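Residues per chain, in single letters:
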Protein chains: 2
Amino acid sequence: MAQIEKSNHNSDQREAGRLQVLDVIRAAGTIARIDIAKETGFSPATVTVITSQLLESGLIEEITPEPAADAKPSTRRGRPRVSLRLRGAAHLIAGIKVAHNSVSVLILDFEGSEVVSHDMPMPEPRMATPYFCETLKRAVSQACAKGGFALSDLSGIGVAMAGLVDAKRNFVYWSSSLTDRNVNLGAHLDRVLPCPVFIDNDANLVAKAEHLFGEGRKVDDFIVVTIEHGVGMGIVIGGEIYRGERGCGAEFGHTKVHLDGALCQCGQRGCLEAYVGNYALLREANIMDREMPLADIGMLFKRAEAGDAMARSIFERAGRMFAMGLANIINIFDPKLIVLAGEQLSFDYLYADAVLEAMHQSSIQVDAPLPEVRVHAWGDQMWAKGAAAYAIEKVSALTVREVPVDA
Amino acid sequence: MAQIEKSNHNSDQREAGRLQVLDVIRAAGTIARIDIAKETGFSPATVTVITSQLLESGLIEEITPEPAADAKPSTRRGRPRVSLRLRGAAHLIAGIKVAHNSVSVLILDFEGSEVVSHDMPMPEPRMATPYFCETLKRAVSQACAKGGFALSDLSGIGVAMAGLVDAKRNFVYWSSSLTDRNVNLGAHLDRVLPCPVFIDNDANLVAKAEHLFGEGRKVDDFIVVTIEHGVGMGIVIGGEIYRGERGCGAEFGHTKVHLDGALCQCGQRGCLEAYVGNYALLREANIMDREMPLADIGMLFKRAEAGDAMARSIFERAGRMFAMGLANIINIFDPKLIVLAGEQLSFDYLYADAVLEAMHQSSIQVDAPLPEVRVHAWGDQMWAKGAAAYAIEKVSALTVREVPVDA
């Protein structure tokens, strides 16, 4: 028994070592073995062993730089310095963002370069599980066809969806895209898709994308607040997504900002989302003006810009409530950076100067700079990129496990 | 330059390895070298090198168990199995908890066993920095005298105090114990005390104590909410105290639960503390009854127990506000465990069944169990124990750095 545990321990260590080397190569782009040893702290001998295993498995490749045309023979003495890089062709990996109106698919190679980008309209915003799975399959099949390859050429698919997702188990407690609750969505998708699927909450995957490609590069502790139909949050601590025990953390939109307050879509009262979500604003507008359409936040925003006092007061309160919510995040996490990300940032009421000023005033006051707030407007393709990055990470872990020791 | 970086890297790794071995020995109590290798994943040869360095430096010692009296000679063949344990006498370390009325000092040996416990009344709840430093010195000197040794025999002192503390820098932005703001308290204490001092927010150190000795043993992700004069929070993520960027995180008591709400001691409006702190309850009581003394929460509690409607309504609202705050913590962290800790838990209005029920109702509802809530009433000595544990950790790190490589 002790022996088995020890051997698992050793193989875990071997996998961790390979993943660490892969990560260093990914971060560097191209890098020589000696520099991998410096970055990882591994001995040069260990790096030689690991990199030959990774070369053998096709995950990385060697590149020998051409000597410069004008280089003198004397500078070309000895063996040329060989660098390593990821082999893009090793894997094709898809990321999917499920939104209310559309499914966005992005296919990346193993290096993270974009191969295909595709958007498909959602037939309905909310579906039963089997129909939902078929819809995702259709979207990703269309993307593959666009790229001239088969669905079976994919090594993994990441799925970003709104709702309460236990990423560890690929399990969806609740999502605004599904009519069913408590769905073992991973198992359902496994039946219709030919490769491993990795599901997570969409705000978590935005945080992943911000960390790898966006405003959170080289920042290991930060918070992303997403503003879309609802309000989401992704927490990065120590370079990792923080998910909580059951996968239900980071529910910023459902933190309560008023005891027994306004009714939220979730059925509870006083949630932040019930004060700042589109539906909340339109609900208020409708009280003052029964003719106000219940779906057009753009029209309400235009009215506010034109000076309509009712419309202004609605946005103003939403901004103050949002500022209070952000201040609470600062008072709890004291992060270095907060990224406000989303598609609907064209309506600036949630990150206007007045909102950020109110946020500052409700934050703990010390004689040290408050967290930086960066606003990052992006579309569904960027969310899909986070999903693909998550899948690349997972596929890397699966692949290094299969690399033989004596490669 | 690259060479220097590499050598720092190696010595960091050496220190990390030594600390890891020390941690394993501390957790086990007594443990054989071969089991240290299993626990750490280090090779037996590495463990032999590290443990001989630690033996040489006096941080650990060998124990050879006596063979059982009835053991046959045949079972005693070969070398007896030697185990290792921490050498308690290696260091004496003090922990100090600064409260409104008293300074509690606990002196532990390096193994964590209690050597001396001492309480001294605080001359004033709030002092200027030099007087505060002298007060701490007096308290810890008295504790040393009680144990029959000198202040200079201590290897380190941990200090737990309320307020905004940047533990990394031993810097106090603000504390209810100090009349000054922005105090480089570490430097001040260094001038009057003969050993290194390590300062942290008291709720962080309660979390440390819960993790090492209390309800959070073997739980790597949990939240501690402290209920004393104010409301504090300690966050443990991945087995480590989460402190935030400037050391101002986990300010649960100053998260806002009402836009433009009740005035808080901190000068802002709508803080949770302004609804659940003793002063907040007494402020309300005083409105209904001008004779109500503004400092006696016990009397107000007795009135509520006796059925006084005004008093009951005050506690009832405080409980509901507190439940809402706890639900927000669950919705953000989704922790496995919440520990409610503090001295004033004899007044149960903040953790009555009705409060926990209200907390459940405001938490994200999924078909998975909600976090466990444990109530842990303890006195100032336990806070001091957290401070001492923190100092033991820091002293260990300083000591392993000084152990020579060729020991």
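You'll find the structure just up there.
All values reported here derive from a predicted model rather than from experimental measurement.

Student: Honestly, the relation of the copies chain A and chain B in this entry has me stumped. Any pointers?
Tutor: For these two chain copies, the linking operation is a rotation about an axis paired with a shift along it. When chain A is fitted to chain B, the best match, at an RMSD of 0.0 Å, comes from turning it 180° and sliding it 0.0 Å along the axis. Considering both components of the superposition, the chain copies are consistent with a two-fold axis. A shared interface surface links the copies, since 100% of the contact residues of chain A are contact residues in chain B too.

Student: Would you take a moment to explain the nonpolar core for this structure?
Tutor: Across soluble globular proteins, nonpolar side chains have a tendency to be buried as a group. One finds Leu300, Phe322 and Phe333 of chain A together with Leu300, Phe322 and Phe333 of chain B to be the most contacted residues of the largest nonpolar core, which totals 102 residues. In contact with Leu300 of chain B, other than residues within four places in its own chain, are Leu281, Leu282, Ala285, Met292, Ala311, Ile314 and Phe315 of chain B.

Student: Teacher, can you tell me more about the interface of chain A and chain B here?
Tutor: For interface size, the figure often reported is the accessible area lost on association. The partner chain B presents 57 residues to the 56 residues of chain A that form the contact. Around 4,800 Å² of area is buried between chain A and chain B when both sides are counted, 56% of it from carbon and sulfur atoms. For the chain A face of the interface with chain B, the top three residues by lost area are Arg246, Ile332 and Asp334 of chain A, together amounting to 15%. Linking Arg320 of chain B and Asp260 of chain A is a salt bridge whose minimum nitrogen-to-oxygen distance equals 2.4 Å.

Student: Please explain the pairing of strand β10 (residues 197-201) of chain B as it appears in this structure.
Tutor: Working note: regular strand, side chains alternate between the two faces of the sheet. Residues and elements named next belong to chain B. For β10, a buried count of five out of five residues is recorded, marking the element as mostly surrounded by other parts of the structure. Bridge count for strand β7 (residues 154-161) against β10 is five bridges, and the pairing is parallel. Residue pairing for β10: Ala160 is matched across the bridge by Asp200.

Student: Before we go on, may I ask you to explain the sheet that holds strand β13 (residues 240-241) of chain B in this structure?
Tutor: Strands in a sheet are paired, the pairing made by backbone hydrogen bonds, and the direction either parallel or antiparallel. Residue and element names in this part refer to chain B. The mixed open sheet is built from five strands, whose spatial order is β13-β12-β11-β14-β15. Looking at the sheet topology across the chains shown, the edges are occupied by β13 and β15 (372-377). Looking at chain direction, strand β11 (residues 222-227) and strand β12 (residues 231-237) are connected through six bridges and run antiparallel. When the bridges of β12 are listed, Ile227 appears paired with Val231.

What counts and what doesn't
- Residues numbered from 1 in each chain as written.
- Chains lettered and ligands numbered in written order.
- Predicted model: local features only at pLDDT ≥ 70, side-chain atom pairs only at ≥ 80, totals over all residues.
- Heavy atoms only, no water.
- Least-squares fit on C-alpha atoms with pLDDT ≥ 70 in both.
- Contact = heavy atoms within 4.5 Å.
- Core = buried A, V, L, I, M, F, W, Y, C linked by side-chain atoms within 4.5 Å.
- Buried < 20%, exposed > 50% of the residue type's maximum accessible area, 1.4 Å probe, protein only.
- Buried area = accessible area lost by both parts, 1.4 Å probe.
- Salt bridge = Lys/Arg side-chain N within 4 Å of Asp/Glu carboxyl O.
- Helix = DSSP H or I, 4+ residues; strand = E, 2+ residues; numbered from the N terminus.
- Pairing = 2+ DSSP bridges.

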